[in-house]
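Here's the letter readout for the chains.
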Amino acid sequence: MSATLAKSFVHGIPMPSVFVGSNKRIIAANEGALTLNPKADETSPFVLVFRQPGLTEALDSCLANGTEQRAIYHHHDGPLNVRYNVTFSRVTGEEVDGVLLCFTDVTHLQQADKMRRDFVANVSHELRTPLTAILGFIETIQGPARGDPEAQQRFLTTMSAEASRMNRLVGDLLSLSRVEEEARMRPTSAIDLDQLLRSVLRNLETVAEENGGQFLYDTPDVATSVTGDPDQLLQVFTNLIENALKYGGQGTQVSIKVSFVARDHVLRKPALLIAISDNGPGIDAVHLPRLTERFYRIDSHRSREMGGTGLGLAIVKHILNRHRGRLQVESTLGQGSTFTVILPKK
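All values derive from a computational prediction rather than experimental measurement.

Rules of the game
Residues numbered from 1 in each chain as written. Predicted model: local features only at pLDDT ≥ 70, side-chain atom pairs only at ≥ 80, totals over all residues. Heavy atoms only, no water. Helix = DSSP H or I, 4+ residues; strand = E, 2+ residues; numbered from the N terminus. Rg over C-alpha atoms; globule rule 2.2 N^0.38 Å. Lys, Arg positive; Asp, Glu negative; His and termini not counted. Charge placed at Lys NZ, Arg CZ, Asp CG, Glu CD. 1 Å grid on protein atoms, 1.4 Å probe; cavity = no way out; pocket = protein on both sides within 12 Å on 5 of 7 lines; lining within 4 Å. Points joined across faces, edges and corners; volume = space filled by probe spheres on them. Nonpolar A, V, L, I, M, F, W, Y, C, P; charged D, E, K, R; others polar. Pairing = 2+ DSSP bridges. Axes fitted to C-alpha atoms, helices over the stretch in contact; angles between N-to-C directions. Phe/Tyr/Trp six-rings, centres within 6.5 Å; stacked < 30°, edge-to-face > 60°. Buried < 20%, exposed > 50% of the residue type's maximum accessible area, 1.4 Å probe, protein only. Salt bridge = Lys/Arg side-chain N within 4 Å of Asp/Glu carboxyl O. Contact = heavy atoms within 4.5 Å. Polar contact = N/O pair within 3.5 Å; in protein donor to acceptor, adjacent residues only side chain to side chain.

**Student:** Which residues make up the overall build of the chain, and what values go with them?
**Tutor:** The secondary structure content of the chain amounts to 11 helices and 12 strands. Computed over its C-alpha atoms, the radius of gyration of the chain comes to 29 Å, more than 25% above the 20 Å expected for a compact globule of 346 residues. A distance of 2 Å separates the average location of the 37 positive side-chain charges in the chain from that of its 39 negative side-chain charges.

Okay, structure coming up:
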């Protein structure tokens, strides 16, 4: 096979591809393959260009047996490790004699599988703790505490709290699943954010009273109409304002301010900014990039005590993504935190 014909052949393949002759020298490579390894365009021995034993063994087997072979190619692109599945296909004919290699990037599949494993492990861990406690209390009530009504009442109260925690976790998991299913469906309802925020504050009045907290909210001086899903946006602001009350500490002041920008630099369009601020202890900067990760907690023990599942901000992030909006977090230790919801203006 001539080099010109070989190049025309591999350039018609959309994925990185290399054609290796029966003498085990590279005859041609398309642009994708040259991106992986610039030396692939040279008529060099294949083993000196792609220096990974798995590829060499697969090439030898394909040439010897004529059967399709598969191998894994690990490519280092700066700090990133990229994984390719490589297929080796024997090609023979009057003008053709060699092996065609096609590289398929499967890094995203590997990452998705890792995320799935981590997610299952996290859910299992979150459920195992309350389940273990409940089972332990049941054994105690059935055994040593069988004739002790006072101990039974104490254990039943704890069991109820642990069961409620599991119920919240399952509820948040279902909520996250629904949001992900609707991620590509843009909401179409017209919503007045001022009315929605006032509804959230009314719903959280009891929480504020128990915490000694205070809401600071004035009627916005801008139009507050946006397009969105009212239930999901209610969930977003309930989560953020309730978090500000709980984690801001006893007697915290929660300020809610709505403003307008003619052009948000990320959304690249007019937007409404809803800033929710507290005067609590603040958050260390090292935690800020990971706050919206599933099950990520700054203080796991404190979060669980307050009924947190570790999924609230992940749900907020997914809802805002569906609304083509974003969440911005600013905080300084000892100076409180500000969570700003940025939504496209209708």
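Back to the text.
**Student:** Go over the environment of P14 with me, naming the residues and quoting the values.
**Tutor:** Tracing the sequence through the fold places P14 in the loop between α1 (3-11) and β1 (17-21). Sequence separation between P14 and E31 is 17 residues, and the spatial gap between their C-alpha atoms is 9.5 Å.

**Student:** Could you give an account of the layout of surface pockets, with specific residues and numbers?
**Tutor:** Of the voids in this model, the second largest pocket is the one considered here, and its volume is about 410 Å³. Lining the second largest pocket are 16 residues, and of these M115, D118, F119, N122 and R294 lie nearest its centre. Among the elements of the structure, α5 (107-142) and α11 (312-322) are those that each provide at least two residues to the lining of the second largest pocket. With 6 residues, the top contributor of residues to the lining of the second largest pocket is α5. Considered class by class, the residues forming the lining of the second largest pocket number 6 nonpolar, 3 polar and 7 charged.

**Student:** Lay out the sheet that holds strand β11 (residues 326-331) with the relevant residues and their values.
**Tutor:** The 5 strands are arranged β7-β9-β10-β12-β11 in an open sheet whose pairing can be described as mixed. Only two strands of the sheet have a single neighbouring strand rather than two, namely β7 (214-217) and β11. For this sheet, the mean angle separating the axes of adjacent strands, direction not counted, is 20 degrees. Where β11 meets strand β12 (residues 337-344), 6 bridges bridge the pair, whose relative direction is antiparallel. When the sheet's bridge partners are listed, S331 is paired in β12 with S337.

**Student:** Lay out the packing of aromatic side chains in plain terms, naming residues and giving numbers.
**Tutor:** Here a ring pair, both rings aromatic, is described through the centre-centre distance and the interplanar angle of the planes. Tallying each qualifying case throughout the model produces 7 aromatic pairs. With a centroid separation of 5.3 Å and 25 degrees between ring planes, the pair formed by F46 and F50 is classed as stacked. Comparing F46 with F50, the two get one shared label, buried. Between the aromatic rings of Y73 and F103, the centroid separation amounts to 5.6 Å while the plane-to-plane angle is 80 degrees, which identifies the pairing as edge-to-face.

**Student:** I'd like to hear about the pattern of salt bridges, residue by residue, with values.
**Tutor:** Under the criterion given, the structure shown has 10 salt bridges. A salt bridge links R90 to D97, with the nearest nitrogen and oxygen atoms 2.8 Å apart. On the basis of relative accessibility, which here comes to 28%, the residue R90 falls in the partly exposed class. With a shortest N-O distance of 3.0 Å, E293 and R290 are connected by a salt bridge.

**Student:** How would you sum up the environment of T338? Please name residues and give values.
**Tutor:** Of note, T338 is situated in strand β12. C-alpha of T338 to C-alpha of A275: the two residues are 63 residues apart in sequence and 6.4 Å apart in space. Look past the residues within four positions of T338 in its chain and what remains in contact with it is A275, I276, S277, Q328, V329 and E330. At 2.9 Å, the side chain of T338 and the side chain of S277 are in polar contact.

As far as function goes, none of this settles anything; it's purely spatial.
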